[in-house]
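Notes for the structure review
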Amino acid sequence: MALFLVACAAYVGWDRDVGQADPPSGQDAPSLTLRGLMPGNVRIGAAADGALLDADPRYRATLAADFNAITAENAMKWANLEPTPGAYDWTASDRLISFAQENGQAVYGHTLVWHSSVPPWVSEEWSAERLRAALRQHVVTTVTRYRGQVWAWDVVNEVIAEDGSLRDSMWLRRLGPSYIADAFRWAHEADPDARLFINEYGVEGRTKKANGLFKLVRGLRADGVPVHGVGFQAHLRLDAVPEDPIGNMRRFAALGVSVAVTELDVRLALPAKPEMLLDQALLYQHMLRACLAVSTCESFTVWGFTDASSWISAHYPGYGAACLYDKDMRAKPARDLLLHELRTHADETPS
Ligand code: G3I
């Protein structure tokens, strides 16, 4: 794998000097930032969260300089918004929205319906009617609050199992499969202009799970459900490179939906060696190329941009270094290669 990727690096003419060691200053050199080079029809986003956003000026500067979109990594999850029934806490999500607006960034809302991050007071023991009403209330309240301020929502997140069937969740067990269509319709009523996505991991290549997602989206579209986009999370590792992501995304696009890379990161076994960082860079490039090759790819988002605040180490002990910047906010080869890819794309695209 490493040798293959090094050969690819030589082929694309990748050069470590393309990037820069210091955080970019977007005002001074917009063309040297990811957002400065991104084609106008594709947003470049990063998941971001409260703690570093408040505490670290370098974090804020890099987020503002390199990205023109932000996804709420945790701030808009139900358990965080409504820790006790009816007592909403919008502090963190409002803060994120303000930051984005101050920096000319779009906000991607994440996530309305999920099997995880459900408030502990929501009970599977409730009647189906009560559970459905609570879910509806959450979707409508959240989407209504940010109507016109959130360009897209992950309406349902991770609803497919590995074998391509629907995931066995509280929602499926108690409400049946119709909860998916219902959630899209509720969200659409609350903000008719928001783009509504179904978001999933392990579907970037032609997997069984991707086939299951494809059938689900095809069925929803045939039923007139307002599904506007499919999000490919892309939590990747070096030994499982997605197979044919371009062809895979294109078959979804042919259903009439947009596509997006929504949560890209590439985790490495620690300590990360230089050749691993190069392989990682090529995998980031692989996914950017896929997005740029699909005409309806609306956004390309990384799940955290600095190793200082990535979710990986807490969830995969022994792994980390998954982001575009290291923990000291120095650009890694992955960011350099994305810049290079964007420059090449611009040179090859007729103006
Ligand atoms: O905020 C508390 C903090 O007060 C407490 O001290 C600390 C102790 O562990 O926990 C903190 O909350 C954690 C939160 O991240 C913020 O760091 C939660 O325990 C932890 O569960 C939560 O993990 C998040 C995870 O989703 C679960 O919601 C990750 O940050 C977030 O990156 C991850 O994101 C998911 C996407 O939503 C869906 N796709 C997969 C992706 C990665 O798992």
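So, here's what we can say about the structure. Throughout, residues of each chain are indexed from 1 in the direction in which the sequence is written. Predicted model: local features are reported for residues with pLDDT of at least 70 only, side-chain atom pairs are reported and counted for 80 or more only, and whole-chain, interface and lining totals are derived from all residues. Hydrogens and waters are ignored; side-chain quantities use all the structure's heavy atoms.

**Re the nonpolar core**
Our working definition: We call a set of buried Ala, Val, Leu, Ile, Met, Phe, Trp, Tyr and Cys residues a nonpolar core when their side-chain atoms join them within 4.5 Å. The classification of residues rests on relative accessible area computed with a 1.4 Å probe and restricted to protein chains. Under 20% of the type maximum is buried, over 50% is exposed, and intermediate values are partly exposed. Secondary structure elements follow DSSP: runs of H or I no shorter than four residues count as helices, runs of E no shorter than two count as strands, and numbering proceeds from the N terminus. A contact between two residues is defined here by any heavy atoms of the two lying within 4.5 Å.
Membership of the largest hydrophobic core comes to 107 residues, with the highest contact counts inside it found for Leu63, Trp153, Trp171, Ile198, Phe252, Leu264 and Phe300. Ranked by residue count, the leading element in this core is helix α12 (residues 274-293), at twelve residues. Those residues in contact with Trp171 that sit more than four places away from it in its chain are Trp78, Val113, Trp114, His115, Val118, Val122, Leu131, Leu135, Gly176 and Tyr179. Formed by seven residues, the second largest nonpolar core is a distinct cluster that contains Ala69, Ala106, Tyr108 and Phe197.

**Notes on the site of the ligand**
Under the convention used in this document: For this description, a residue counts as near a given molecule or strand if any of its non-hydrogen atoms is within 4 Å of it. In the analysis that follows, any N or O atom pair within 3.5 Å is treated as a polar contact, provided that within protein one partner can donate a hydrogen and the other can accept it, and provided that, for residues neighboring in sequence, both atoms belong to side chains. Each accessible area is a Shrake-Rupley estimate made with a 1.4 Å probe; only the visible protein chains count as cover when residues are assessed. Here the term charged refers only to Asp, Glu, Lys and Arg, the term nonpolar to Ala, Val, Leu, Ile, Met, Phe, Trp, Tyr, Cys and Pro, and the term polar to all other amino acids, Gly among them.
Near the ligand lie 14 residues; those nearest to it are Glu73, Lys77, His110, Glu158 and Glu263. His110 is positioned such that a nitrogen or oxygen atom in its side chain is 2.6 Å from an oxygen atom of the ligand. In this structure, a nitrogen atom belonging to the ligand sits 2.7 Å away from a side-chain N or O atom of Glu263. Bound to the protein, the ligand loses 47% of the 790 Å² it would expose on its own. Among the residues making up the shell around the ligand, the classes are represented as three nonpolar, seven polar and four charged.

**Focus: α12**
Turn by turn, an α-helix covers 3.6 residues, leaving residues three or four places apart pointing in a common direction. The test is simple: Expected span of a helix, by definition, is 1.5 Å for each gap between consecutive residues, and there is one gap fewer than residues.
Over its 20 residues, α12 extends 29 Å from the first C-alpha to the last, a length consistent with the 28 Å expected when each residue adds 1.5 Å. When you tally the buried positions in α12, you get 15 out of 20 residues, the bulk of the element.

**Focus: the state of the cysteines**
A covalent bond between the sulfur atoms of two cysteines is referred to as a disulfide. Where we set the bar: When two cysteine sulfur atoms are found within 2.5 Å, that pair is recorded as a disulfide.
Going through the model one piece at a time under the given rule, you end up with one disulfide. There is a disulfide in this structure between Cys291 and Cys297, and the S-S distance comes to 2.1 Å. For the disulfide bridge between Cys291 and Cys297, the dihedral angle about the S-S bond is near -100 degrees, and by the sign convention the bridge is left-handed. Cys291 sits in the buried class, given a relative accessible area of 1%. A relative accessible area of 2% means that Cys297 is categorised as buried.

**A word on helix α9 (residues 178-190)**
Under the 1.5 Å per step criterion, the end-to-end length of α9 is 18 Å for 13 residues, consistent within 8% with the ideal 18 Å. Restricting attention to buried positions, one finds in α9 the residues Tyr179, Ile180, Ala181, Asp182, Ala183, Phe184, Trp186, Ala187 and Ala190. In this structure, the buried side of α9 is in contact with α7 (128-145), β4 (152-157), α8 (170-175), β5 (195-200) and α10 (208-222).

**Points about the environment of Ala210**
The topology assignment puts Ala210 in helix α10. Classification of Ala210 as buried rests on a relative accessible area of 0%. In sequence terms Ala210 and Glu263 are 53 residues apart; their C-alpha atoms lie 16 Å from each other. If sequence neighbours within four positions are ignored, Ala210 has contacts with Gly202, Val203, Gly205, Asn248, Arg251 and Phe252.

**Quick look at the pattern of salt bridges**
Rules: Within this document, salt bridges are pairs made up of a side-chain nitrogen of Lys or Arg and a carboxyl oxygen of Asp or Glu, the two lying within 4 Å of each other.
On inspection of all chains with the given rule, the structure shows 17 salt bridges. Where Asp94 meets Arg145, a salt bridge forms, and the shortest distance between an N and an O atom there is 2.6 Å. Pair noted here: Asp94 is in helix α6 (residues 91-102) and Arg145 is in helix α7, with a separation of 51 residues, a long-range link. In this structure Asp94 comes out as partly exposed when scored by relative accessible area, which is 26%. Between Glu189 and Arg136 there is a salt bridge; the shortest N-O distance is 3.9 Å. Here Arg136 lies in helix α7 and Glu189 lies in helix α9, a separation of 53 residues in the sequence. By relative accessible area, Arg136 is classed as partly exposed at 34%. Overlapping salt bridges bring together Asp326, Lys327, Asp328 and Arg330 as one network.

**Considering the layout of surface pockets**
What counts is decided by this rule: Buried and open spaces are told apart on a 1 Å grid over the protein atoms alone, a cavity being a set of points where a 1.4 Å probe fits but cannot get out and a pocket being an open set with protein on both sides within 12 Å along at least five of seven lines. Residues with an atom within 4 Å of a point are the lining residues. Grid points are joined across faces, edges and corners, and a volume is the space filled by probe spheres set on the points.
Reported here for the largest pocket is a volume of approximately 640 Å³. Surrounding the largest pocket, 26 residues form its lining, Tyr201, Gln233, His235, Trp311 and Tyr316 being those nearest its centre. Of all elements in the fold, only β7 (235-237) and β8 (258-269) reach the threshold of two or more residues within the lining of the largest pocket. For the lining of the largest pocket, the element with the highest residue contribution is β7, accounting for three residues. Of the residues assigned to the lining of the largest pocket, the class counts are ten nonpolar, nine polar and seven charged.

**Quick word on the packing of aromatic side chains**
The line we're drawing: What counts as a ring pair is set by centres within 6.5 Å for rings of Phe, Tyr and Trp (its six-membered ring), and what kind of pair is set by the plane angle: stacked under 30 degrees, edge-to-face over 60, tilted for all other angles.
Scanning the entire structure with this criterion turns up 14 aromatic pairs. Relative to Tyr146, the ring of Trp90 lies with its centre 5.7 Å away and its plane at 85 degrees, an arrangement referred to as edge-to-face. Separated by 56 residues along the polypeptide, Trp90 in the loop between α5 (78-81) and α6 and Tyr146 in the loop between α7 and β4 bring together distant segments of the chain. Accessibility expressed as a relative area gives 12% for Trp90, which makes it buried. Taking relative accessible area as the criterion, Tyr146 reaches 1% and is therefore assigned buried. On the numbers, 5.7 Å between centres and 70 degrees between planes, the contact of Trp311 with Tyr316 is edge-to-face. Taking relative accessible area as the criterion, Tyr316 reaches 32% and is therefore assigned partly exposed.

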